[in-house]
Protein chains: 2
Amino acid sequence: MASIKGFAEWLPEQQILQQEIIDNIRHSFELNGYAPLLTRSIELLEDLLNQGETDKEIYGVQRLSADSDTPSDWGLHYDLTVPFARYVSENRGKIVFPYRRYQIQQAWRGERPQMGRFREFIQADADVVNEGDLDLRFDAEVILMFSQVLSSLSVPKIKILVNNRKLLEGFYLGLGIENIVGVLRIVDKLPKIGEEEVARLLQESGLSSQQAQNCIGLTKIEAKDSAELKNISKFGVSHDMLDLGVRELGEVLDRVNLFAESGSVVAGLHIARGFDYYTGTVVESAFVDHPEVGSVCSGGRYDNLISTGSKPIPGVGLSIGVSRLLAYCFHLDLIETNRQSPAQVFIVVNSEEERTDSEKVAALLRDRDISAVVSDSSAAYGKQIKLAERLGIENVWFPNSDGSHEVKNLETREQIKADPTSWLL
Amino acid sequence: MASIKGFAEWLPEQQILQQEIIDNIRHSFELNGYAPLLTRSIELLEDLLNQGETDKEIYGVQRLSADSDTPSDWGLHYDLTVPFARYVSENRGKIVFPYRRYQIQQAWRGERPQMGRFREFIQADADVVNEGDLDLRFDAEVILMFSQVLSSLSVPKIKILVNNRKLLEGFYLGLGIENIVGVLRIVDKLPKIGEEEVARLLQESGLSSQQAQNCIGLTKIEAKDSAELKNISKFGVSHDMLDLGVRELGEVLDRVNLFAESGSVVAGLHIARGFDYYTGTVVESAFVDHPEVGSVCSGGRYDNLISTGSKPIPGVGLSIGVSRLLAYCFHLDLIETNRQSPAQVFIVVNSEEERTDSEKVAALLRDRDISAVVSDSSAAYGKQIKLAERLGIENVWFPNSDGSHEVKNLETREQIKADPTSWLL
C-alpha cells in the first residue's frame, strides 16, 4: 500500500480537530437557519465544463469494466456551487424560497499539490438563493454569518475582504479600458506578484501607464463603510456601473457593520475572484497576523448561474476551505492538537474478573451523555493511566472493590470520590 | 442540466432527516470513545483490487486533460474498511492502540441502480483494531454499540444477526464438504432465493441430498446465547473448527446479552457475508416488522486485512448503510419529514423600516443558541406565518412597535409575551 500526493489525510489527533471545526461551522450555519444539503459527488461533464472551469482541473469518472471506447460523461465536482445550482434547478418546484442551505463536502481538482492546495479537499459552503429577486441584504447576511463563524473557530483572527465586480468593471470602463476580463485577471494577481509586475503586465496588455497606475491605485483604497468608499472619487473616474458598484458595496458594508465586530469586514478593492459566474459582491479573507497565508473563505453573488425555468434564481454564498485552513494551521502550529480519543472518561479495570464492573460504569456514564471508554488492559494502574494519557483522555475512573468509586483528573491531578449516576464533568 | 440514475439526492426535508440520523449515529459512536476519521475517497487500484472485489464494481478516476494512453491507477473506494486498513498501515507508528475509529463518508460502486442500491452512498462505519491480539470482547463491544445506535434512531425496530465464519466452515468440513467457499456463497443467498433453490444449487455443486439438507438445517437453528447454540449438536457433526466457531459466537452473544435489550441481538446462522476478508464474527441486520427490507447494518472481524509490519493488526467493525436505510424508510413511509429549515424561530418583520429590529431579535436568540431566521417578507402577518409553516418552523416571533414581543407556537396555537434575552423553547 502506497500513499498518493496531494491528499490531506490527517493523523488521529488532527482528525478530531478537523471534526470540531466542521461541527462549529455547521452549528453556526444552523443557528442562522441554513439547512443541510449533500449533493452527489459526480456531475455530468457538460454541467461542470459549462461554468468556465478549464478541463485540466476536472477528474473524469468511469467504471473500470466499461467499454474503453465509450468515454465517460461523468466528472467529480470541483466546488459545491455548481452542484448546488444544479440541485436547485432540478428541485425548484419543491423548494421553499428563499432557500438557505449549507453543504460541507469533499471536492476535487487536478491541481499540482502544494502547501494548502489539495487534489481532494473539504469545503464548507453556505448560500441563499431566491426565485425572482434576491435583495442585497442577503449579501450582508452571508458575509456577517461567515465573519461570526470564522471568529468562533479556535484559529487566529481572520478578516473578511469585500469587493464588487460592478465597481471594478465600471471603474475600468470609466478609464476607457475595453479588455475588462483581461485586466481583472491581472489585477487579481496583485497579492501574489506585486505592484510592479502587475503594472508591467497591464501595460503589456495595452493599457497606458496612467490607466495602469489608476488600476493599481484603486486597489489601495481602504474603506470599512460607504462613507470611506467615497475616496474612490479622487481618481476622477465616472461611469454608471462604477456608481452602482460603489452603492452596492457601501450598502453591504453598512449593513454588516450594524452587527459585525469593528474591522472584521472591510472593503478589499483588489479582489476580483477567478470564477466567471460572479456578478456583484465578491469576497475573500485574510489572516490578520499571517498575511502570507492565502484566502480560506471566499465567494460572492451569482445572478445568472441558475438559469432554467421562467424566473431567474439569483444567489449569494461563501465557502470556507476547511482542508486549506487546517493545512496552514497545522503547518504554522497555529492550533494545538492533543488527543486521539473523544472520550471524556477512561475507566480502569481492576482485573479481568472485574471487567464487567468497569463496563457497567461506562454504561451508566454514557446514559448520562458522558463519553467513556473501558481500559483494554487490567495491568497495574500506572500502565493503564499511561494509556489514558496517550489517548488524551482527561479523567481516569477507578471502580473500587467495595463498590465505591474515585475519579482522577489528569490535568489538575486531583482525585475525588464519585458516583457514576451523578458525577459531573 | 440532467439527472443521473443511481444517486440518492434527497429533497430538502429529507436532507434534514438524513443529517439528524448521521448526527445521532455519530453521537453514539463518540459516547463509546470512537474517534472521527475521514480518509481520502481515492485509493490506488491495486489496493482496491487486492481485496477480492471484482473490478466491475470499481470506478476509475482520471484527469480529463491527462494523456489518454496512460491509464489511471486511481479508483474511488467501494467501502470504508479498505481505506481504513490502508490508513492504519500507513500511520501505525502514530496511532495509540487499541484504535477505535468511526468514519461516515460516501462510497461508490458500479452497481445497477435499484431500490436501496446506489452507485454513490453514505456509510457509517465504526471499527476497533489492535496491534497483536484483539480479544473477542471487542466483537461484543461493536455489536452492542451498533445495537444501541440502531435503537436510538427514529426508524422501525432493527434486529442484529450474528454468525461466525469458523462455525460455518467447521460445520461444512465436518460434513465432509470440500468446496467451502462455493457452499458459503450459495447458502448466503437463502433469504433471496429460498430453501428449495438453495438445496438444488448445493446438490448441483456436488453435495449429497443429506449434506444439502444439513446445510439448510443449520441456518434454521435459533439461538440468543451460548446455551441455545448447543442445539447445533443435533446434526451430529463434529470438527474442531466448528467447536471453535460455536465457542466464539456463544461468547460474543453472552457478552452482548449482559447489556443489550433482550432479543435485539441473536444468532443468524445463515449469514456468511460477501467479502473475503472476514475471518470470524460476521454480522447482518433485519427490520423486525419489515422482513422484505435487506440488511442495513453489517460487518465482521478481519484478522488478516492489515498485514504490513511485524505484528498483525486484527480488527472488527460494522457499517450502517445510511443511504440504504433512508431509501427504505422514505419509500415505505417509515419516517416522517416535515421541515425544510433547521430554524426554531421565524421572526416577523413589521415593515422594511423596522427590519433591523427583527434582525436584533435574531441576534439575541442566536447568542443564546436558539436557531432563528428573519422573514424575507414584510407583507401582512398572515403571509409571513404561511412562509414559516411551509418551512416547518414551529415558533413565530412578533417584535411589537412598543418594544414588547410575542411568540406564537404554530403547533399549539398558543401566543405568549416573550423576551428575546430570556425566552426558552
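Everything that follows concerns the structure shown earlier in this document.
Procedures and definitions
- Residues numbered from 1 in each chain as written.
- Chains lettered and ligands numbered in written order.
- Predicted model: local features only at pLDDT ≥ 70, side-chain atom pairs only at ≥ 80, totals over all residues.
- Heavy atoms only, no water.
- Salt bridge = Lys/Arg side-chain N within 4 Å of Asp/Glu carboxyl O.
- Helix = DSSP H or I, 4+ residues; strand = E, 2+ residues; numbered from the N terminus.
- Buried < 20%, exposed > 50% of the residue type's maximum accessible area, 1.4 Å probe, protein only.
- Least-squares fit on C-alpha atoms with pLDDT ≥ 70 in both.
- Contact = heavy atoms within 4.5 Å.
- Pairing = 2+ DSSP bridges.
- Axes fitted to C-alpha atoms, helices over the stretch in contact; angles between N-to-C directions.
- Buried area = accessible area lost by both parts, 1.4 Å probe.
- Polar contact = N/O pair within 3.5 Å; in protein donor to acceptor, adjacent residues only side chain to side chain.
- Nonpolar A, V, L, I, M, F, W, Y, C, P; charged D, E, K, R; others polar.
- Phe/Tyr/Trp six-rings, centres within 6.5 Å; stacked < 30°, edge-to-face > 60°.

A. Structural context of the pattern of salt bridges. Residue and element names in this part refer to chain A. Applying the stated rule across the entire model yields 54 salt bridges over all chains. Here E90 ties to R86 by a salt bridge, and the two come within 3.4 Å at their closest N and O atoms. Remark: R86 and E90 occur in helix α3 (residues 81–91); sequence separation between them is four residues, near one turn of the helix. The partly exposed category is assigned to E90, whose relative accessible area is 32%.

B. Just the relation of the copies chain B and chain A, in detail. Rotating chain B by 180 degrees and translating it 0.0 Å along the rotation axis places it on chain A, where the RMSD comes to 0.0 Å. Here the two chains are linked by the operation of a two-fold rotation axis. Among all residues of chain B, the one whose C-alpha sits closest to the rotation axis is B:V61, at a distance of 2.4 Å. A share of 100% of interface residues in chain B that are also interface residues in chain A marks the association as one of identical surfaces.

C. The arrangement of the sheet that holds strand β5 (residues 99–108) of chain B in detail. Residue and element names in this part refer to chain B. With mixed pairing, the eight strands of this open sheet are ordered in space as β1-β5-β6-β11-β10-β9-β7-β8. Taken across any chain shown, the strands that pair with only one partner, and hence form the sheet edges, are β1 (35–36) and β8 (265–267). Pairing of strand β10 (residues 297–306) with strand β11 (residues 313–321) involves seven bridges; the strand directions are antiparallel. Within β11, the residue paired with Y302 across the bridge is G315. Running over the sheet, helix α5 (residues 165–174) touches β7 (158–164) and β9 (281–287) and is turned about 50 degrees from β7.

D. Spotlight on the interface of chain B and chain A. The partner chain A presents 93 residues to the 93 residues of chain B that form the contact. A combined buried area of about 8,300 Å² lies between chain B and chain A, and 58% of that area is made up of carbon and sulfur atoms. Scanning the region where chain B abuts chain A turns up eight salt bridges. At the boundary of chain B and chain A, one finds 35 residue pairs in polar contact (both at pLDDT 80 or more). With 10 residues, the top contributor of residues to the side of chain B that touches chain A is helix α1 (residues 12–31) of chain B. Each residue belonging to the side of chain B that touches chain A can be placed in one class, and the counts come to 44 nonpolar, 23 polar and 26 charged. Where strand β3 (residues 59–63) of chain A and strand β3 (residues 59–63) of chain B come together, five bridges link them in antiparallel fashion. Counted as the bridge partner of A:R63 is B:Y59 from β3(B).

E. Broad picture of the pairing of β3(B). Pairing of β3(B) with strand β4 (residues 74–76) of chain B involves two bridges; the strand directions are antiparallel. From the neighbouring strand, B:V61 faces β4(B), where its bridge partner is B:W74.

F. Broad picture of the packing of aromatic side chains. Following the criterion strictly, the structure yields 27 aromatic pairs over all chains and no others. A ring pair is formed by A:W10 and A:F118, whose centres lie 6.2 Å apart and whose planes are at 85 degrees; its orientation type is edge-to-face. Here A:F118 lies in the loop between β5 (99–108) and β6 (120–129) and A:W10 lies in the segment before α1 (12–31), a separation of 108 residues in the sequence. The exposure class of A:W10 is buried, given its relative accessible area of 11%. Residue A:F118 is classed as buried on the basis of its relative accessible area, which comes to 13%. Judged by centre distance (5.0 Å) and plane angle (65 degrees), the ring pair of A:Y277 and A:Y278 falls under edge-to-face. What makes A:Y277 buried here is its relative accessible area of 8%. Within the aromatic cluster, the residues linked to one another by ring pairs are A:F7, A:Y59 and B:W74.

G. Seen up close, the sheet that holds strand β2 (residues 42–44) of chain A. Pairing is antiparallel in the open sheet, where six strands are placed in the order β2(A)-β4(A)-β3(A)-β3(B)-β4(B)-β2(B). Either end of the sheet is taken by a strand with one partner, and the two such strands are β2 of chain A together with β2 (42–44) of chain B. If you compare each strand with its neighbour and ignore which way they point, the axes differ by 45 degrees on average. Judged from the three bridges that link them, β2(A) and strand β4 (residues 74–76) of chain A form a sheet pairing that is antiparallel. Bridge pairing in β4(A) places A:E43 opposite A:G75.

Geometric descriptors of this kind do not, in isolation, establish any biological role.
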